[in-house]
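Geometric and topological summary
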Amino acid sequence: MINKSSLNSIVLRSGTYFSVILLVTSLLSTSYIQNSKALVQEDHEDYGYLKFAAYAVKQAYAAKQNNTVNSTTHIPAIAVGPKIPAKGYLVQEIRDHLYWVTDGMYNSMFLVSNQGVIVVDAPFTIGKNYLKAIAEVTKEPVKIVIYSHAHMDHIGAANMFPANATYIAQQETATILKDHNDTGVPAPTQTFSNSYTVKLGNQTLILDYKGVNHERGNIFIYAPTQKVLMLVDVIFPGWVPFRDLAIAEDVPGFIKAHEQALSYPFDTLVAGHLTRLGTRADVVTQMEFIKDLKSSAINATKMFANFTKIAGQVGGFSNPWLVFKTHDDDVANQCAQTMLAKWNNRLGGAEQYMSSHCSKMAESLRVD
Ligand SMILES: [Zn+2]
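All values reported here derive from a predicted model rather than from experimental measurement.

1. A closer look at the overall build of the protein chain
- Within the protein chain one finds 11 helices and 12 strands.
- Taken over 368 residues, the protein chain has a buried fraction of 42%.
- Nonlocal contacts in the protein chain, meaning residues at least 24 apart in sequence, comprise 65% of its contacts between residues at least 6 apart.

Now the structure itself:
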């Protein structure tokens, strides 16, 4: 049995609990960055697990073509993108000399002007194929490189571009890169705080920072002539986000970024992942997903609000972690069940990451 003062002490301990979680999360992200760094530095031709993941996507396409689709390779039609040629990448003009490059896992874009090329990001799964993609469509040299944010998986191959190019990033991104010295990518030579207009010859890109979302320093990159918006690691066209709401650094900011994206009059979205380009409808769909996720997490949290009952099930409060873990798992399972009933066939990867999204949302509702 549990008395009221024990319950209060449990609530107090929950503060410690969240601090530990934050510590573990930050340690994990540091080691992730270090691992990415090691991959970048070791060898650009060997992209480790990300290359393996890109290979797995190709295998899934092959399985589909050979009618050997099973429950793990099945994805809804909305998640299917263009076929990636055997050379390992696809480059396509979106419009008015703005191109996207993809390997089926990662994507980015470059803009060709009459005075050189502006590149956004350099995912290391695409690596030097990016240079081949540019060479397929223009002889102009790369003059400007923009970093969407500081994550190495999106910019880790940037040192393949000319050393004398201008490298642009939001201040926070520059700070992160400086703090993680030895990233192997060129340091930004031009930074900005809120807004920056990039002009090169006859082409323009507008860069905006609206606060922390997926990561501090993550920017909106808008091509006004082409009506194309690039926003990385927030919207996942055709798919649920990568685990834990795409490891969002700030969940409220991540949610807000959806409406901020729609404030641009764009037609086409370059989202950084996964299989295809996006549209405004993809942003609206993900907003609906997030709204459902929030209400499912709230309902599940209410359902398992009785900690005394949970403690009774696990033999008391002597191990508070066990009580909290049981509670969190119950909430995540209940929320995931509700969500999958609606979303399993609407977006790719729902089964794989739903539980993590439920946990992340429930945690955000507690602490943010
Ligand atoms: Zn990222």
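2. As for the pairing of strand S2 (residues 98–102)
- Within S2, 5 of the 5 residues are buried, which leaves the element mostly enclosed by the surrounding structure.
- Burial along S2 is two-sided: the residues Leu98, Trp100 and Thr102 and Tyr99 and Val101 are all buried.
- Where strand S1 (residues 90–95) lies against S2, 5 bridges are found, and the strand directions are antiparallel. The residue bridging Val91 from the neighbouring strand is Val101, located in S2.

3. Describing the environment of Ile298
- By the secondary structure assignment, Ile298 is in helix H8 (residues 280–303).
- In sequence terms Ile298 and Cys358 are 60 residues apart; their C-alpha atoms lie 9.7 Å from each other.

4. Points about the sheet that holds strand S12 (residues 268–270)
- A sheet is described by the order of its strands in space; here 5 strands give the open sequence S8-S9-S10-S11-S12, paired in mixed fashion. This sheet does not close on itself; its edge strands, each paired only once, are strand S8 (195–200) and S12. In this sheet, neighbouring strand axes are inclined to one another by 20° on average, regardless of whether the strands run parallel or antiparallel.
- Bridging between strand S9 (residues 203–208) and strand S10 (residues 220–223) involves 3 bridges; their strand directions are antiparallel. Bridging across to S10, Asp208 finds its partner in Phe220.

5. Here we look at the packing of H8 against helix H11 (residues 350–367)
- Packing of H8 against H11 leaves a shortest axis separation of 9 Å and a crossing angle of 75°. When the axes of H8 and H11 are compared, the pair comes out roughly perpendicular. Within the contact between the two elements, H8 uses Leu293, Lys294, Ser296, Ala297, Ile298 and Thr301 and H11 uses His357, Cys358, Met361, Ala362 and Leu365.
- Class assignment for the residues of the contact of H8 with H11 results in 7 nonpolar, 3 polar and 1 charged.

6. Here we look at unusual backbone geometry
- Note that the residue after His273, namely Leu274, is joined by a cis bond; omega there is 0°.
- One can find Leu274 in the loop between S12 and H8.
- Look at Asp121: it is not a glycine, yet its phi comes out positive at around 70°.
- Counting through the fold element by element, Asp121 comes out in the loop between strand S4 (116–120) and helix H3 (129–137).

7. As for the sheet that holds S2
- Sheet architecture is open: 7 strands sit in the order S1-S2-S3-S4-S5-S6-S7, paired in mixed fashion. Two strands bound the open sheet, and with one partner strand each, they are S1 and strand S7 (190–192). Strand after strand, the sheet turns through a mean of 20° between neighbouring axes, direction not considered.
- Here helix H5 (residues 171–179) sits on the sheet and contacts strand S6 (166–170) and S7; the angle it forms with S6, its principal contact strand, is near 105°.

8. Concerning the nonpolar core
- Ranked by size, the top nonpolar core spans 95 residues in total, and within it Phe110, Ile146, Leu229, Leu231 and Cys358 carry the most contacts.
- With residues near it in sequence (within four places) discarded, Ile146 still touches Ile118, Val120, Ile168, Val198, Leu207 and Ile221.

9. Overview of the environment of Leu177
- Within the secondary structure layout, Leu177 lies in helix H5.
- Among the residues examined, Leu177 registers 21 C-beta atoms within 10 Å and is labelled buried.
- Distance in space between the C-alpha atoms of Leu177 and Pro188 is 8.7 Å, their sequence separation being 11 residues.

10. Looking at the environment of Ala169
- Examined against the element boundaries, Ala169 turns out to sit in strand S6.
- Note on Ala169: 29 C-beta atoms within 10 Å, which makes it buried.
- As a C-alpha pair, Ala169 and Ala150 span 19 residues in sequence and 8.7 Å in three-dimensional space.
- Contact partners of Ala169, with chain neighbours within four places excluded, come to Tyr147, Ala174, Pro188, Thr191 and Gly217.

11. Remarks on the packing of H8 against helix H10 (residues 320–343)
- Between H8 and H10, the least distance of the axes is 8 Å, while the angle of their chain directions is 145°. At the point where H8 passes H10, the crossing takes the right-handed sense. For the pair H8 and H10, the contacting residues are Phe289, Asp292, Leu293, Ser296, Ala297, Ala300, Thr301 and Met303 in the first and Val331, Gln334, Cys335, Thr338, Met339, Lys342 and Trp343 in the second.
- In terms of residue class, the contact of H8 with H10 is built from 9 nonpolar, 4 polar and 2 charged.

The rules behind each value
- Residues numbered from 1 in each chain as written.
- Predicted model: local features only at pLDDT ≥ 70, side-chain atom pairs only at ≥ 80, totals over all residues.
- Helix = DSSP H or I, 4+ residues; strand = E, 2+ residues; numbered from the N terminus.
- Buried ≥ 20, exposed ≤ 12 C-beta atoms within 10 Å, placed from the backbone.
- Contact = placed C-beta atoms within 7 Å.
- Pairing = 2+ DSSP bridges.
- Axes fitted to C-alpha atoms, helices over the stretch in contact; angles between N-to-C directions.
- Parallel < 35°, antiparallel > 145°, perpendicular 65-115°, else oblique.
- Nonpolar A, V, L, I, M, F, W, Y, C, P; charged D, E, K, R; others polar.
- Core = buried A, V, L, I, M, F, W, Y, C linked by C-beta atoms within 7 Å.
- Left-handed = near helix turned anticlockwise from the far one by under 90°.

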